[in-house]
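An overview of the molecular structure
If you want the building blocks of each chain, they are given just below.
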Amino acid sequence: MSIKNNIDSLQSELVGSACKLIAVSKTQPIEKIAEAYQAGQRLFGENKAQEMALKYEQLPKDIEWHMIGHLQTNKVKYLAPFVSLIHSVDSFKLLAEINKQAAKCSRVISCLLQMHIAREDTKFGFDENELLSLLSSHELEALKNIRVVGLMGMATFTENESLIRSEFQNLHQLYIRIKEMKLGTNVIMQELSMGMSLDYKIAIEEGSTMVRIGTAIFGERNYNQ
Ligand SMILES: *Cc1c(COP(=O)(O)O)cnc(C)c1O
């Protein structure tokens, strides 16, 4: 299957749902991203700030660039001038740095808060209590150059579909609960980023508004080039 065929078939699965396709182009060369662009794809996800900045320079400016990987505070400056959405905000410190760099560019940068929903013992993401205390803090309210627009999560890497489904369900329920709370002026819950190549169908059924798909579009990644 060509990149175009893969995108067309994924887009046709999304018709009628409120879910957008983020083409995860990390490690992919410019030519492959250009091929996806020719096929009509405009939203791309990367996980390294400098790689994303290089690709931004070389590709058409109507692409929306999404940061989906763990972001170190000292790398925020590379993407602040152009990034559309940062999915992977996992600390207040990072949010404060994004706010600072966004102010330097006279921008308001949209962010998702990454939630730790998997069984796996990864280091990244908030738990529910941390999220609730962040959302009610005056420190968050004071950040005028960021906007929190939703949540992101990654399910456990497993073939156990009912485990994946229950993790997505829990995240969706949390998202709905927060949406109904009284929130600060810079918090507007409207996006729920969940689902990758192996679990996106479950994620869509469980209320995802953004699926992040790499392998099912571009094929297996080659990390050693
Ligand atoms: C790499 C990556 C993806 C895409 O993974 P695939 O399995 O190739 O679809 C999605 N989300 C995040 C956070 C990633 O790092």
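So, here is what we can say about the structure in this document. (Residues numbered from 1 in each chain as written. Predicted model: local features only at pLDDT ≥ 70, side-chain atom pairs only at ≥ 80, totals over all residues. Heavy atoms only, no water.)

A few words now on the pattern of salt bridges. Counted according to the given criterion, the structure contains ten salt bridges. Measuring nitrogen to oxygen at the nearest pair gives 2.9 Å for the salt bridge that ties Lys55 to Glu46. Here Lys55 and Glu46 have matching classes, each one buried. Ionic pairing is found between Arg165 and Glu206, a salt bridge with its closest N-O pair at 2.7 Å. Linking Arg165 in helix H8 (residues 161-179) with Glu206 in the loop between helix H9 (200-205) and strand S8 (210-213), this pair joins segments that are 41 residues apart in sequence. Classification of Arg165 as partly exposed rests on a relative accessible area of 26%. Counted as one network, the salt bridges with shared partners bring together Glu46, Glu51 and Lys55. (Salt bridge = Lys/Arg side-chain N within 4 Å of Asp/Glu carboxyl O. Buried < 20%, exposed > 50% of the residue type's maximum accessible area, 1.4 Å probe, protein only. Helix = DSSP H or I, 4+ residues; strand = E, 2+ residues; numbered from the N terminus.)

Moving on to the site of the ligand. With respect to spatial proximity, the complete set of residues near the ligand consists of Val24, Lys26, Ile68, Met154, Met196, Ser197, Arg212, Ile213, Gly214, Thr215 and Arg221. One of the side-chain N or O atoms of Arg212 is found 2.9 Å from a nitrogen atom in the ligand. Gly214 is positioned such that a nitrogen or oxygen atom in its backbone is 2.9 Å from an oxygen atom of the ligand. For the ligand, whose accessible area on its own is 390 Å², the fraction buried by protein is 90%. Judged by its atoms lying within 2 Å of the grid points, the ligand is housed in the largest pocket. Residues that form the shell around the ligand fall into these classes: five nonpolar, three polar and three charged. (Near = heavy atom within 4 Å. Polar contact = N/O pair within 3.5 Å; in protein donor to acceptor, adjacent residues only side chain to side chain. Areas by Shrake-Rupley, 256 points an atom, 1.4 Å probe, with all protein chains shown as cover. 1 Å grid on protein atoms, 1.4 Å probe; cavity = no way out; pocket = protein on both sides within 12 Å on 5 of 7 lines; lining within 4 Å. Sits in = over half its atoms within 2 Å of the grid points. Nonpolar A, V, L, I, M, F, W, Y, C, P; charged D, E, K, R; others polar.)

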